[in-house]
Amino acid sequence: MFKKEEIMIERYSLPEMKDIWTSENKFKKWLKIEIYVAEAMNKLGIVPDKDLKNIKSKARFDLKEINEIEKKVNHDVIAFLTDVAKYVGPSSRYIHLGLTSSDIIDTTNSCLMREAGLLILNKLKNFSETLKEKAFEYKNTICIGRTHGIHAEPTTFGLKITLWYDEMRRNIIRMKSAIENISVGKVSGAVGTYAHIDTFVEEYVCKKIGLKPVNISNQIIQRDRYAEFITSLSIIGSTIEKIATEIRGLQRTEIHEVEEGFVKGQKGSSAMPHKKNPILSERLCGMARVLRSNAMTSLENNALWHERDISHSSAERIIIPDSTILLHYMLVKSEFLIKNLVVFPENMMKNIELTYGLIYSQTILLALIKKGISREESYEIVQRCSMQCWKTKQPFKDVLENDKELMKIISSNELQELFNLDRFLTNVDLIYKRVFLET
């Protein structure tokens, strides 16, 4: 028996994303796997040396010929094998010996998804580094935090970006796991029982192309692996959508705390020359919807009849290439978006002042509670003053100072100290340490 450690593992650099999903690349991998199967069978004494030599020297294919044959046979693998056999001659009887179509298709899919996944992983890491850089640039840039779209309390723009970075870090972990779980091959025959092929062949082929043999299969590699891969892409897309949605919201004229970089010669509206629209963020949000719809299809592909049907196949020819290409593009554009984002700290401060100091309402509430006042009574006092502030548009601090009940509890000096923006930044360093140092 041939020793496993003597197998020479295939080494190659990653292609570009646009080249991974070409028919040429797919058929090259089909042919490579078929040759590796023949090599393994040669080592088992099944394929004679002469025939293996013929297969390795003569095996090739022609895309146009395959397409013409497929029109007649209506089966892509048979069309491929027929075309290859024309070049190999009699020795072609040892090609695809004991295999089923999915041995070739699924093992190739794993190679392609792995290659695409690794390219996406590289872009994820690049984008994460860009987010990290911007997080530190705006670490202490104060802006208003909003809950339900309503002004809440101050935060920093750097903390917003840090949150995105932390989520993107989780996406990197998800992507690594998805790549690992899809990096499996299957060469076990019609229903996965190895009835007509030795298990050594599967081990040999998988070792050569850098995959692990599946523990068990039926006719196919199970589609929970595919679903994990595609849903991981969708989750990453949802993070990008989260970022893009926030930028869109902050670019609104009434807020205008950030805006997308507007390159020289760019136009906004066809009707209104003054417009600068967040078109890239909107584009990314729309694309995230496509990824989600593809993820739903991948989940539905997991349940097939008995040992296999082909209801999954037609969908996978669309959703796998489209999802990987789309997310790769989204990551490239997201990095561009963040690198060229225009930030307006002065508008952030203007927006903080829009509510006349009401951002300190919880600060006052907690100060009253610390004085021994019940939460219910403290809340009533602060809410009463807040509503008056809204109504009269007086500064919140002035309203508080004119409230006799409150001023019996808190002195003017204490009140002055409570109106301090710096108190909202107290734990920024701690949060940054958690995210950037401890991870």
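Residues numbered from 1 in each chain as written. Predicted model: local features only at pLDDT ≥ 70, side-chain atom pairs only at ≥ 80, totals over all residues. Heavy atoms only, no water.

## Observations concerning helix α3 (residues 49–58)
Now for step 1: When we look at burial in α3, the residues that qualify are D51, L52, N54 and I55. The buried residues of α3 occupy one face: seen down the axis, they fall within an arc of 160°. Residues of α3 that are exposed and angled more than 90 degrees away from the buried face: D49, K50, K53 and S57.
Now for step 2: For α3, the secondary structure elements touched by its buried residues are α2 (23–43) and α5 (76–88). (Buried < 20%, exposed > 50% of the residue type's maximum accessible area, 1.4 Å probe, protein only. Helix = DSSP H or I, 4+ residues; strand = E, 2+ residues; numbered from the N terminus. Arc of directions from axis to C-beta. Contact = heavy atoms within 4.5 Å.)

## Examining the nonpolar core
Now for step 1: Ranked by size, the top nonpolar core spans 88 residues in total, and within it F157 and I364 carry the most contacts.
Now for step 2: Residue contributions to this core peak at 11 residues, all from helix α7 (residues 157–182).
Now for step 3: With near-sequence residues (within four places) excluded, F157 lies in contact with Y138, T141, C143, L250, V258, L341, V343 and M348.
Now for step 4: Grouped together as the second largest cluster of nonpolar side chains are 37 residues, Y36, F80, C111 and I209 included. (Core = buried A, V, L, I, M, F, W, Y, C linked by side-chain atoms within 4.5 Å.)

## Comments concerning the packing of aromatic side chains
Now for step 1: In this structure the tally under the stated criterion is 14 aromatic pairs.
Now for step 2: Measuring from centroid to centroid gives 6.2 Å for F396 and F419, while their planes differ by 55°, and the two rings are tilted. Of the two residues, F396 is situated in helix α15 (residues 396–401) and F419 in the loop between α17 (412–418) and α18 (428–437); the sequence distance between them amounts to 23 residues. We note that F396, like F419, is buried.
Now for step 3: Just above the ring of F27 sits the side chain of K26; from NZ or CZ to the centre is 4.7 Å.
Now for step 4: Directly above the aromatic system of Y226 lies the positively charged group of R223, at a separation of 3.9 Å from the ring centroid. (Phe/Tyr/Trp six-rings, centres within 6.5 Å; stacked < 30°, edge-to-face > 60°. Lys NZ or Arg CZ within 6 Å of the ring centre and 35° of its normal.)

## Re the packing of helix α6 (residues 101–137) against α7
Now for step 1: Contact pair α6 / α7: the axes reach a minimum separation of 9 Å and the direction vectors enclose 165°. When the axis of α6 is compared with that of α7, the two are roughly antiparallel. Once α6 is placed against α7, the crossing between them reads as left-handed. (Axes fitted to C-alpha atoms, helices over the stretch in contact; angles between N-to-C directions. Parallel < 35°, antiparallel > 145°, perpendicular 65-115°, else oblique. Left-handed = near helix turned anticlockwise from the far one by under 90°.)

## Focus: the environment of E65
Now for step 1: With respect to the helices and strands, E65 occurs in helix α4 (residues 63–73).
Now for step 2: By relative accessible area, E65 is classed as partly exposed at 23%.
Now for step 3: Sequence spacing of E65 and A116 is 51 residues, and the spatial spacing of their C-alpha atoms is 28 Å.
Now for step 4: Excluding residues within four positions of it along the chain, E65 makes contact with D83, K86 and Y87.

## Considering the environment of K139
Now for step 1: Tracing the backbone shows K139 in the loop between α6 and β1 (142–147).
Now for step 2: Judged by relative accessible area, K139 falls into the buried class, the value being 17%.

## Re α4
Now for step 1: Capping the start of α4, D62 holds a side-chain oxygen 3.0 Å from the backbone nitrogen of K64, two or three residues further along.
Now for step 2: Directly beyond the C-terminal end of α4, a positive phi value near 55° is found at N74. (Polar contact = N/O pair within 3.5 Å; in protein donor to acceptor, adjacent residues only side chain to side chain.)

## Notes on the environment of I243
Now for step 1: With respect to the helices and strands, I243 occurs in helix α9 (residues 223–251).
Now for step 2: Since its relative accessible area comes to 2%, I243 is described here as buried.
Now for step 3: Once the C-alpha coordinates of I243 and S281 are considered, the two residues, 38 residues apart in sequence, prove to be 8.2 Å apart.
Now for step 4: Other than its neighbours up to four places away in sequence, I243 contacts F127, W164, M168 and I338.

## Some words on the pairing of strand β2 (residues 150–156)
Looking along a regular strand, one sees the side chains alternate between the two faces of the sheet.
Now for step 1: Direction of pairing for β1 relative to β2: antiparallel, over a ladder of 5 bridges. Note that in β2 the partner of R146 across the bridge is H151.
Now for step 2: If you look at the hairpin formed by β1 and β2, you'll find 2 residues sitting between the two strands, and H148 has a positive phi there, around 60°. (Pairing = 2+ DSSP bridges.)

## Structural notes on the pattern of salt bridges
Now for step 1: Here the structure, examined in full by the defined rule, presents 23 salt bridges.
Now for step 2: Where E257 meets R146, a salt bridge forms, and the shortest distance between an N and an O atom there is 2.9 Å. A residue pair is termed long-range when its members are at least 10 positions apart, and E257 in the loop between α9 and β5 (258–259) and R146 in strand β1 qualify at 111 residues.
Now for step 3: With a relative accessible area of 0%, E257 lands in the buried category.
Now for step 4: Residues joined by salt bridges that share partners form a network here, namely D106, R223 and E316. (Salt bridge = Lys/Arg side-chain N within 4 Å of Asp/Glu carboxyl O.)

By themselves, these are just geometric observations and shouldn't be taken as functional.
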